[in-house]
Amino acid sequence: MDWDLSSYFPSFDGPKYRQFRDRLNEDLRILNRAFPPEIPGTDPDLDPLIERILGLEDASVRRSHLSSYLGCLTAADSAHEGYAAEEAALALTGAAIDNARTLILARMRLLDTSGLQKLIGDPRLADAGYALTRLHQAASRRMSETEEALASDLGVDGFEAWGRLYDNLAGNLEFEMARPDGTRERLPMSQRRSLLGHPDRRIRRAAFDGGNHAWDQVARVAASALNSLAGTRQTLRIRRGQEHFLDPALFDARISPPCLDALFQALKSRRESAWNMLRFRAGLMGLERIAWFDLEAPIPSPDKDAVDLSWPAACAWVQDAFDRSYPALGTFFRAVVEKQWIDWQPRRGKRPGGFCTSSNLSGESRIFMTYNQTVNDVMTLAHEAGHAFHSHLLADKRGLIRSYPMTLAETASTFAEQILIEGILSDPSAPVGRKRQVLDSQVRHAVTFLLDIPIRYHFERRFHEERQTGEVGVGRLKTLMTETQQEWLGDTLEPGGEDPLFWASKLHFFITGLSFYNFPYTFGFLLSRKLYARLMAEGPSFLPHYEAFLRQTTVQDADALIRNALGEDPADPAFWAAAIDSLQEPFESLRSLDG
């Protein structure tokens, strides 16, 4: 591994690790004791509830430390049986956390408005009013205490196990790559995404075909996992009295239904803009239309525009851009590299994808990615660094107010990408080839957020609608994915150019912590465009306001935060349409470079 994890624990399964884990489990056992009974006809005694909330806060902070550590180990080496066993055991700790939370929610359900205000006003819970209000709201969305405890316990070997099965499947899956020169090699699936961004279309097609052949061999397993996850969510949602399958996702995202509707109204109304970007890029690649495996491909680059994409060069790109446009972010990134917080090298056994994970105990983060020397990979590095910086700004907050929704998390990461792009474009010494590559990468990202993410969202909607009446088979899943891609890519898609197995190969559909994991990416991307426009208009004086915005992401719903910070209404499609229209600027800049 490239990263240094010794600040978590000196060694895996060593004395300090075992002591930490065992102490957490013992504290959770105590935390799961039943509350003393309430005396009928008297005001609720808040002290037992407050003590239990404080205990859960402490245990959750420590579990985040353990979860972050094991998440790093299993992602970096998915074949290690010891890591996998400990991660599976961690699910039991998660169930204990859920059970303790269930006990708290059951007691909070008894509080009326006056009781809630007394709870919020207790000095031991200072600054936690927003978190307590959300807990009170969540209490009304629960089954009985006994049913919730049973659901948590069964989830260890049921719901969570399906997620672990998929992770193990994806982490160990290999595919045969038939290269244009006739050679063949077996590669880990984690390397496929970068190959799909290769400038040679023959290599992209080979990676696509080889990868899909491998996924087709395990499609029934993937479909079983997907159906089981959705079926469990559906059963629990109905039992909890939630009417629509989007209700849990909206609550987790901390946005209102009108806000989500406005976002997708704007996306649909601006599809032609995204299609024009695709048509332009297809023309530069010598194509009339594109296939799915062309979406992440760079436009052809003349030899004179070739740039160094080694790992040191990638870090230098990001460092120079951050230093130029956002010195505080640059200082932070320098420390990330120096402290070895990034696992980046390609190797067998690594899981696909990239992520940033943070410990609420230490305040440290780690970045996981597979670097294959593409501009997309450089963007991923900046993206994950943005997540880490967001966590860094929240390191002094108490555990109850350290969490923030994906809708706002993705704002920080894509804002960092904007800083990278602007830093390079504003550097007079940067080669034209580098500027051309980052502009193209920005346009490709625009296509992803304006078309690819809506495809994922609408596929999930249609899948969940059909899943309500029974399991959805492999063939039907392929059809749903194909039809959704055709709808959102329109006439830019070449006949037969769909990816019917994208539902199987995309990790996001199998994440157990959140349903509808995808739409927050577009939400955050377009919100970051609005914030970045303020930076461009106001200059460096806006950066303290931006950091204040990030610090408020843990204590306000997204709708309210946007209204308070930007003075605009995210439930108005015009808010999102303006952000989409701002993407014409990098598109026109790229077109001007290509004559």
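Residues numbered from 1 in each chain as written. Predicted model: local features only at pLDDT ≥ 70, side-chain atom pairs only at ≥ 80, totals over all residues. Heavy atoms only, no water.

(A) A look at the overall build of the protein chain. When you go through the protein chain residue by residue, the secondary structure sums to 25 helices and 5 strands. Taken over C-alpha atoms, the radius of gyration comes to 24 Å for the protein chain, in line with the 25 Å a tight globule of 595 residues would show. Here the C-alpha coordinates of the protein chain stretch approximately 80 × 55 × 50 Å along the principal axes. Relative to its full complement of 595 residues, the protein chain shows a buried share of 56%. When contacts within the protein chain are restricted to residue pairs at least 6 apart in sequence, long-range pairs at least 24 apart make up 76% of them. (Helix = DSSP H or I, 4+ residues; strand = E, 2+ residues; numbered from the N terminus. Rg over C-alpha atoms; globule rule 2.2 N^0.38 Å. Buried < 20%, exposed > 50% of the residue type's maximum accessible area, 1.4 Å probe, protein only. Contact = heavy atoms within 4.5 Å.)

(B) Representation of helix H19 (residues 474-489). If you check H19, its first and last C-alpha atoms are 22 Å apart, about what 16 residues at 1.5 Å a residue would give, namely 22 Å. Every buried residue of H19 is accounted for by Val474, Leu477, Leu480, Met481, Thr482, Thr484, Gln485, Trp488 and Leu489. Downstream of H19 by one or two residues, Gly490 has phi in the positive range, about 55°. (Expected span 1.5 Å × (residues − 1).)

(C) Representation of the side chain of Ser359 in the model. On the secondary structure map, Ser359 appears in the loop between strand E4 (355-358) and strand E5 (365-368). By relative accessible area, Ser359 is classed as buried at 0%. A distance of 3.1 Å separates a polar side-chain atom of Ser359 from the backbone nitrogen of Leu361. What Ser359 contacts, discounting residues up to four positions off in sequence, is Tyr8, Ser64, His65, Ser68, Glu364 and Arg402. (Polar contact = N/O pair within 3.5 Å; in protein donor to acceptor, adjacent residues only side chain to side chain.)

(D) Layout of the nonpolar core. In this structure, Trp215, Phe322 and Trp503 are the most contacted members of the largest nonpolar core, which totals 147 residues. The element best represented in this core is helix H18 (residues 432-467), accounting for 13 residues. Those residues in contact with Phe322 that sit more than four places away from it in its chain are Pro327, Leu329, Gly330, Phe333, Ala382, Ala385, Ala416, Ile419 and Leu420. In terms of nonpolar packing, the next biggest core, distinct from the first, is built from 46 residues, Leu5, Leu70, Leu103 and Ile401 among them. (Core = buried A, V, L, I, M, F, W, Y, C linked by side-chain atoms within 4.5 Å.)

(E) Layout of the packing of H18 against helix H25 (residues 584-593). Their axes nearest at 9 Å, the elements H18 and H25 cross at an angle of 140°. Between H18 and H25, the angle falls in the class oblique. As for how H18 packs across H25, the hand of that crossing is left-handed. Side by side, H18 and H25 meet where Val432, Arg436, Leu439, Asp440, Gln442 and Val443 of the first sit next to Pro586, Phe587, Ser589, Leu590 and Leu593 of the second. (Axes fitted to C-alpha atoms, helices over the stretch in contact; angles between N-to-C directions. Parallel < 35°, antiparallel > 145°, perpendicular 65-115°, else oblique. Left-handed = near helix turned anticlockwise from the far one by under 90°.)

(F) Molecular detail of unusual backbone geometry. The backbone of Arg254 shows a phi angle near 60°, a positive value even though the residue is not glycine. Considering the arrangement of structural elements, one finds Arg254 in the loop between helix H11 (247-253) and helix H12 (257-269). The exposure class of Arg254 is buried, given its relative accessible area of 8%. Phi angles above zero are rare outside glycine, and Phe516 is one such case at about 50°. Mapped onto the fold, Phe516 is located in the loop between helix H20 (502-505) and helix H21 (519-538). Classification of Phe516 by relative accessible area gives buried; the value is 2%.

(G) Layout of the packing of aromatic side chains. A full pass over the atoms with the stated rule returns 33 aromatic pairs. For the pair Phe415 and Tyr546, a centre-to-centre distance of 3.9 Å together with 20° between the ring planes defines the contact as stacked. Placement of Phe415 in helix H17 (residues 406-425) and of Tyr546 in helix H22 (residues 543-551) is noted, with a sequence separation of 131 residues between them. Look at Phe502 and Phe509: their rings are 6.2 Å apart centre to centre, the planes differ by 85°, and that puts the pair in the edge-to-face class. Classification of Phe502 by relative accessible area gives buried; the value is 8%. The class of Phe509 is buried, set by a relative accessible area of 4%. Linked through ring pairs, Tyr8, Phe9, Phe12, Tyr17, Phe20, Tyr69 and Tyr83 together constitute an aromatic cluster. Directly above the ring of Phe35 sits Arg52, whose terminal nitrogen or CZ lies 4.2 Å from the centroid. In this structure, Arg271 packs its charged tip against the face of Trp488, placed 4.8 Å from the ring centre. (Phe/Tyr/Trp six-rings, centres within 6.5 Å; stacked < 30°, edge-to-face > 60°. Lys NZ or Arg CZ within 6 Å of the ring centre and 35° of its normal.)

(H) Up close: the pattern of salt bridges. Summed over all chains, the structure comprises 44 salt bridges. The residue Arg270 makes a salt bridge to Asp581 at a minimum N-O spacing of 2.8 Å. With Arg270 in the loop between H12 and helix H13 (271-284) and Asp581 in helix H24 (residues 573-581), this pair connects stretches of sequence that are 311 residues apart. Overall, the relative accessible area of 26% leaves Arg270 in the partly exposed class. In this structure, a network of salt bridges that share partners links the residues Asp2, Asp343, Arg347 and Lys350. (Salt bridge = Lys/Arg side-chain N within 4 Å of Asp/Glu carboxyl O.)

(I) Representation of the pairing of strand E2 (residues 184-188). Pairing of strand E1 (residues 174-178) with E2, which is carried by 5 bridges, proceeds in the antiparallel orientation. Of the residues in E2, the one forming a bridge with Phe175 is Leu187. Once E1 ends, the chain turns through 5 residues before running back antiparallel as E2, passing Gly182 with a positive phi of about 95°. (Pairing = 2+ DSSP bridges.)

(J) Looking closely at the environment of Phe9. Position of Phe9 among the secondary structure elements: in the segment before helix H1 (15-31). Classification of Phe9 by relative accessible area gives buried; the value is 4%. With residues up to four places along the chain from it excluded, the contact list for Phe9 reads Lys16, Tyr17, Phe20, His65, Leu66 and Tyr69.

(K) View of the state of the cysteines. Counted according to the given criterion, the structure contains 0 disulfides. The thiol of Cys72 is not disulfide-bonded; the next cysteine sulfur, from Cys356, is found 9.0 Å away. Classification of Cys72 as buried rests on a relative accessible area of 0%. (Disulfide = S-S within 2.5 Å.)

(L) Geometry of the packing of helix H16 (residues 375-393) against H18. At a closest axis distance of 10 Å, the pairing of H16 and H18 adopts a crossing angle of 75°. The angle between H16 and H18 falls in the class roughly perpendicular. Residues Val375, Asn376 and Met379 of H16 form the contact with H18, whose participating residues are Gln437, Ser441, Arg444 and His445. Considered class by class, the residues forming the contact of H16 with H18 number 2 nonpolar, 4 polar and 1 charged. (Nonpolar A, V, L, I, M, F, W, Y, C, P; charged D, E, K, R; others polar.)

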